[in-house]
Amino acid sequence: MFKGVDYYDLESELSPEARMIRDSVRKFVEHEFLPLVRDHYRSGAFPMHIVPMLGELGLLGANLTGYGLPGIDNVSYGLVMQELERGDSGLRSVASVQGALVMYPIHAFGSEAQKERWLRSLASGKAIGCFGLTEPDHGSDPGSMQTKAKKDGSQYVLNGTKMWITNGSVADLAVVWAKLDGVIRGFLVERGTPGFSAPEITSKLSLRASVTSELILEDVRVPADSLLPGTSGLKGPLMCLTQARYGIVWGALGAAMACFEEALSYTKERKMFGRTVASFQLTQAKLADMLTAITAAQLIALQLGRLKDAGKMRPQQVSLAKRHNVRMALDVARTARGMLGANGISDEYQVMRHMCNLESVDTYEGTYEIHTLVLGKDLTGIDAMS
Ligand SMILES: Cc1cc2nc3c(=O)[nH]c(=O)nc-3n(C[C@H](O)[C@H](O)[C@H](O)COP(=O)(O)OP(=O)(O)OC[C@H]3O[C@@H](n4cnc5c(N)ncnc54)[C@H](O)[C@@H]3O)c2cc1C
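Residues numbered from 1 in each chain as written. Predicted model: local features only at pLDDT ≥ 70, side-chain atom pairs only at ≥ 80, totals over all residues. Heavy atoms only, no water.

Student: What is the right way to look at the overall build of the protein chain in this model?
Tutor: Along its length, the protein chain carries 10 helices and nine strands. Whereas a compact globule of 386 residues would reach a radius of gyration of roughly 21 Å, the protein chain reaches 21 Å, a difference of no more than 12%. For the protein chain, the spread of C-alpha atoms along the three principal axes comes to 80 × 45 × 40 Å. Within the protein chain, the proportion of its 386 residues that are buried is 54%. A separation threshold of at least 6 residues defines the contact pool for the protein chain, and within that pool the share at least 24 residues apart is 75%. Approximately 16300 Å² of the protein chain is accessible, and the part contributed by carbon and sulfur atoms is 54%. Of the side-chain charges in the protein chain, 41 are positive and 42 negative, and the distance between the mean point of each set is 2 Å. (Helix = DSSP H or I, 4+ residues; strand = E, 2+ residues; numbered from the N terminus. Rg over C-alpha atoms; globule rule 2.2 N^0.38 Å. Buried < 20%, exposed > 50% of the residue type's maximum accessible area, 1.4 Å probe, protein only. Contact = heavy atoms within 4.5 Å. Areas by Shrake-Rupley, 256 points an atom, 1.4 Å probe, with all protein chains shown as cover. Lys, Arg positive; Asp, Glu negative; His and termini not counted. Charge placed at Lys NZ, Arg CZ, Asp CG, Glu CD.)

Listed below in structure tokens is the structure:
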């Protein structure tokens, strides 16, 4: 069983409940997910039967409260994300999207009827959701989106295209962001609504064990109560992204730990020039750098979780952590990939899969550059993006 990486005894900082949650997710990933991931990655599919299993374990929207939701603390929630991404970024993405990008906006901005209708079924994994913000021509600048909503009697009519939407083709419900009278609002669009389709994107060389789709909205008519009443402006989707980015901060640790562990055990076994690869100083330097990077990222994640639990976390702090931890994981994965030599490019091992996944994780939920500019603005008061 995977032991994790814990050079600074962070274990002693965790509550018994947090440890128990982490260990149960770790076991689940080990027994139920890892045996499947290679074949699904090859075929470019997600094992959908896993979603209700995540629901049964209480891992979907786990840090939300009320409506029968578990309401676990944010450090425990982070550990859930860490363990899921140790399996695969695609697995963590499913849980992140469902919890932080679909359940959270319904929970935070929805009407009582919307919450009653959706939260329990999404938590159980019986219903699947997706979050449609990005468009073909608007990724880093979602405020310029072209998707529009128009009021027509007791209905709204939606038109536009969303791109790169996780779970789009398999979703029962899409949270679609569109401009109504020039203001960004959230709408709930159900699968099967005439004019709404979600073709899958099949060209990915990254996050292959995850469904990614386009959302096409052509004169899609939804009832007036499909509008999320609490949304107005870009702040709505950005608040969702803060929740999801928080999960990524921890998820990236899981991917990095998996790569580190694989590189360490591989180089301790592999012999070259008559001795183990781990015995060479250059290898040991790489291992020391990886361990240091993971340990620093763990401390960032833990303190961020504590700030979130205390209600003091700022979105800019999440930007720092997402930017740092994902780039750290990508660097660790790339280094680990090299340390496995030719085997490092084979899917008999994990490193290349994690490395390729992390390219997406580095891009989605705000690219490295965008989070750099968020920090730049926070430091200088000057917005380099406007
Ligand atoms: C696998 C996958 C799943 C995804 N899932 C979802 C989802 O579920 N829902 C959703 O809405 N979106 C999703 N996305 C989309 C993702 O959020 C966007 O790809 C991301 O925001 C970047 O947008 P873009 O791809 O259009 O890149 P662009 O915005 O075109 O950026 C291209 C490059 O330009 C850089 N750049 C842009 N602006 C600046 C600037 N001002 N200064 C310096 N550099 C800049 C970027 O950092 C990047 O390197 C997903 C993406 C992927 C890959």
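Student: It is not clear to me how the packing of helix α3 (residues 74–87) against helix α9 (residues 351–363) should be interpreted in this structure. Could you clarify?
Tutor: Working note: a packed helix pair is described by the angle between its axes plus the distance between those axes. One can describe the packing of α3 onto α9 by two numbers: an axis separation of 10 Å at closest approach and a directional angle of 125°. Here α9 runs oblique to α3, going by the angle between their axes. Between α3 and α9, the residues in contact are E85, R86 and G87 and R353, H354, L358 and V361, respectively. For the contact of α3 with α9, the per-class residue count stands at two nonpolar, two polar and three charged. (Axes fitted to C-alpha atoms, helices over the stretch in contact; angles between N-to-C directions. Parallel < 35°, antiparallel > 145°, perpendicular 65-115°, else oblique. Nonpolar A, V, L, I, M, F, W, Y, C, P; charged D, E, K, R; others polar.)

Student: What's the story with the nonpolar core in this structure? I'm lost.
Tutor: Where a protein is soluble and globular, its nonpolar side chains tend to be buried together. One finds L54, L84, I106, W250 and I294 to be the most contacted residues of the largest nonpolar core, which totals 99 residues. Considering each element in turn, this core owes the most residues, 16 residues, to helix α6 (residues 235–269). Judged by nonpolar contacts, the second largest core, of 18 residues, contains A149, V176, F196 and V220. (Core = buried A, V, L, I, M, F, W, Y, C linked by side-chain atoms within 4.5 Å.)

Student: Is there a simple way to think about the packing of aromatic side chains in this case?
Tutor: What characterises a pair of aromatic rings is the spacing of the ring centres plus the angle enclosed by the ring planes. One pass over the structure, following the stated rule, counts seven aromatic pairs. Taking 6.3 Å as the distance between ring centres and 35° as the angle between the ring planes, the aromatic pair formed by F33 and F46 counts as tilted. Of this pair, F33 sits in helix α1 (residues 16–43) while F46 sits in the loop between α1 and α2 (50–56); the two residues are 13 residues apart in sequence, bridging distant segments of the chain. With a centroid separation of 5.6 Å and 85° between ring planes, the pair formed by Y266 and Y349 is classed as edge-to-face. On the criterion of sequence distance, the pair formed by Y266 in helix α6 and Y349 in the loop between α8 (315–339) and α9 is long-range, its members being 83 residues apart. Under the relative-accessibility criterion, Y266 is labelled buried at 11%. Looking at R117, its charged tip hangs above the ring of W118, at a distance of 4.2 Å from the centre. Above the ring of Y368, the side-chain terminus of R327 is found at 3.8 Å from the ring centroid. (Phe/Tyr/Trp six-rings, centres within 6.5 Å; stacked < 30°, edge-to-face > 60°. Lys NZ or Arg CZ within 6 Å of the ring centre and 35° of its normal.)

Student: For this particular structure, what's the right way to read α8?
Tutor: The periodicity of an α-helix, 3.6 residues per turn, causes residues three or four places apart in sequence to face the same way. For α8, with 25 residues, the first-to-last C-alpha span of 36 Å sits near the 36 Å given by 1.5 Å per residue. G341, located one to two residues past α8, shows a positive phi value of around 60°. (Expected span 1.5 Å × (residues − 1).)

Student: Before we go on, may I ask you to explain unusual backbone geometry in this structure?
Tutor: Trans peptide bonds make up the majority, and among non-glycine residues the majority have a negative phi. Positioned with a positive phi, W164 is a non-glycine residue whose angle comes to about 65°. By secondary structure assignment, the location of W164 is in strand β3 (residues 155–166). The phi angle at D181 is positive, at roughly 50°, despite the residue not being glycine.

Student: How do you make sense of the site of the ligand when you look at a structure like this?
Tutor: Close to the ligand lie 17 residues; T134, S140, W164, T367 and E369 are nearest. Between F131 and the ligand, the recorded distance is 2.8 Å, taken from a backbone N or O atom to a nitrogen atom. Residue E369 places a side-chain N or O atom 2.7 Å away from an oxygen atom belonging to the ligand. Within the complex, the protein chains bury 66% of what would otherwise be the 970 Å² of accessible surface of the ligand. Sorting the residues of the shell around the ligand by element identifies β3, α9 and α10 (368–380) as the ones contributing at least two each. Class assignment for the residues of the shell around the ligand results in eight nonpolar, seven polar and two charged. (Near = heavy atom within 4 Å. Polar contact = N/O pair within 3.5 Å; in protein donor to acceptor, adjacent residues only side chain to side chain.)

Student: Looking at this model, I keep getting lost on the pairing of strand β4 (residues 173–180). Mind explaining?
Tutor: For a regular strand, the rule is simple: side chains alternate between the two faces of the sheet. For β4, the buried fraction is high: eight of the eight residues fall into the buried class. Side chains L173, V175, W177 and K179 of β4 all project onto a buried face; the interleaved residues A174, V176, A178 and L180 project onto the opposite face, where all are buried too. As judged from the four bridges shared by strand β1 (residues 129–132) and β4, these two strands associate in the parallel manner. When the sheet's bridge partners are listed, F131 is paired in β4 with V175. As judged from the two bridges shared by strand β2 (residues 148–152) and β4, these two strands associate in the parallel manner. Directly across from K148, in β4, lies its bridge partner K179. In terms of strand pairing, β4 meets strand β5 (residues 183–190) through eight bridges, oriented antiparallel. Each bridged residue has a counterpart across the sheet, and for A178 the counterpart in β5 is R185. Adjacent in sequence and paired antiparallel, β4 and β5 are bridged by two residues, among which D181 carries a positive phi angle near 50°. (Pairing = 2+ DSSP bridges.)

Student: Honestly, the pattern of salt bridges in this entry has me stumped. Any pointers?
Tutor: Any two side chains of opposite charge can pair if their charged atoms end up close together. Scanning the model with the defined rule gives 20 salt bridges in all. Salt-bridge contacts for R19 lead to E11; the nearest nitrogen and oxygen are separated by 3.8 Å. Of the residues examined, R19 reaches a relative accessible area of 30% and is grouped as partly exposed. When its relative accessible area of 24% is taken as the criterion, E11 is described as partly exposed. Among the salt bridges present, the one from R86 reaches E30, with a minimum N-O distance of 2.9 Å. With R86 in helix α3 and E30 in helix α1, this pair connects stretches of sequence that are 56 residues apart. What you see here is one network of salt bridges that share partners, running through E11, R19, R22 and D23. (Salt bridge = Lys/Arg side-chain N within 4 Å of Asp/Glu carboxyl O.)

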